[in-house]
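Tertiary structure, described
One-letter residues, chain by chain:
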Amino acid sequence: MPDAAEVAAINATHFADTGLSPADLLFVFGTREDAELRAETGFALWRDGLCRWAIVSGGVTPGAEASECEIIKAEMVARGMPAEKILEEHRAMNTGENVIFSLPVIDAALGLHNIRSVICLGNSWTARRYAMTLHRHWPEVAKMLVTIDSFATPRALWHTDPEFRRRVLREWDKIGPYMARGFIAQWP
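Within every chain, residues take consecutive numbers counted from 1 along the sequence as written. Whole-chain, interface and lining totals are the exception, using all residues; otherwise, since this is a predicted model, local features are given only for residues with pLDDT of at least 70 and side-chain atom pairs are given and counted only at 80 or more. Computation of side-chain values: all heavy atoms of the structure, hydrogens and water removed.

1. Brief notes about unusual backbone geometry
Negative phi values dominate among residues other than glycine, just as trans dominates among peptide bonds. Heads up, the rule is: Elements are defined by DSSP. Helices are runs of H or I of four residues or more, strands are runs of E of two residues or more, and each kind is numbered from the N terminus.
Even without being a glycine, D34 presents a positive backbone phi close to 60°. Locating D34 in the fold gives a position in the loop between β1 (23-29) and α2 (35-47). At A127, a residue that is not glycine, the phi angle is positive and equals roughly 40°. Among the structural elements, A127 can be located in the loop between β4 (117-123) and α5 (129-137).

And the structure:
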């Protein structure tokens, strides 16, 4: 169980939702969980004019028949986002691969130089690591962050829910080692 100081530090820095303004691209990081919520949120961001394009990145996880990309994109299209506005990356098995494998797809379709701002969309417990990973590989682009989760527990009380706490602490503990190994870069 984290102490009050660690809870405060995580609340202040790890849950890094940013202000939003219209972006050139929405980067949807794949997931095995909450795919419908992620698709719903991605669609809403597009519908509300906060992104012109999206890329969905995620491979086939053990036990699945379809890639995370295929599942999430289909849900976004079912809600009304045009399929041709959603770029696809089907190989990534982790956050680093999401970025590394997606950049050539983005470049081929849109040109990286044409993208000035990106909204990262992913799980709340992974939080700022999405933008930190993107920043490591694509520092030139402005990054915003939207996170989601399906926990009934309010985000500020994450430490009171055993499963939410486990996920947050697992991700929190990755930040230092990942920084040391050059997997992520300080952001913002």
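2. Considerations on the environment of W46
Inclusion rule: Whether two residues are in contact is decided by their heavy atoms, any of which lying within 4.5 Å being enough.
With respect to the helices, strands and loops of the structure, W46 is situated in helix α2. Sequence separation of W46 and G80 is 34 residues, and the distance between their C-alpha atoms is 9.7 Å. Apart from residues no more than four positions distant in its own chain, W46 is found in contact with C51, R52, G80, M81 and P82.

3. A word on the layout of surface pockets
Quick reminder of the rule: Computed over the protein atoms alone on a 1 Å grid, cavities are sets of points where a 1.4 Å probe fits but cannot get out and pockets are open sets with protein on both sides within 12 Å along at least five of seven lines; a residue lines them when it has an atom within 4 Å of a point. Grid points are joined across faces, edges and corners, and a volume is the space filled by probe spheres set on the points. Note on residue classes: Ala, Val, Leu, Ile, Met, Phe, Trp, Tyr, Cys and Pro are nonpolar, Asp, Glu, Lys and Arg are charged, and everything else, Gly too, is polar.
In this model, the largest pocket occupies a volume close to 640 Å³. Surrounding the largest pocket, 27 residues form its lining, M93, N94, T95, R129 and E171 being those nearest its centre. Take the lining of the largest pocket: its biggest share by element is six residues, from helix α6 (residues 162-180). Partitioned by chemical class, the residues of the lining of the largest pocket number seven nonpolar, eleven polar and nine charged.

4. With respect to the packing of helix α4 (residues 95-109) against α5
Applicable threshold: What counts as an axis is a line fitted to C-alpha atoms, over the stretch in contact for a helix, and the angles between N-to-C directions run from 0 to 180 degrees. Angular relationships are summarised with four words: roughly parallel below 35 degrees, roughly antiparallel beyond 145, roughly perpendicular across 65 to 115, and oblique for the angles in between. We call a crossing left-handed when the near helix sits turned anticlockwise from the far one by less than a right angle, and right-handed when that turn is clockwise.
Two elements in contact, α4 and α5, have axes separated by 9 Å at closest approach and are oriented at 40°. Taken together, the axes of α4 and α5 lie oblique to each other. Here α4 runs over α5; the crossing is right-handed. Residues T95, G96, V99, I100 and L103 of α4 form the contact with α5, whose participating residues are R129, Y130, T133, L134 and H137.

5. Description of the pattern of salt bridges
When the charged atoms of two side chains with opposite charge come close together, those side chains can pair. Stated precisely, the cut-off is as follows: For this document, the term salt bridge refers to a Lys or Arg side-chain nitrogen within 4 Å of an Asp or Glu carboxyl oxygen. Think of it in three bands: residues with accessible area under 20% of the maximum for their type are buried, residues over 50% are exposed, and the middle band is partly exposed, with areas taken using a 1.4 Å probe on protein chains only.
A complete count under the given rule lists eleven salt bridges for this structure. A salt bridge links R167 to E33; the shortest N-O distance between them is 2.6 Å. In this pair, R167 is assigned in helix α6 and E33 in the loop between β1 and α2, connecting sequence segments 134 residues apart. Note on R167: relative accessible area 11%, which makes it buried. Look at E33 and you get partly exposed, because its relative accessible area is 37%. A salt bridge links R79 to E75; the shortest N-O distance between them is 2.8 Å. Of this pair, R79 and E75 both sit in helix α3 (residues 68-79), separated by four residues, roughly a single helical turn. The class of R79 is partly exposed, set by a relative accessible area of 27%.

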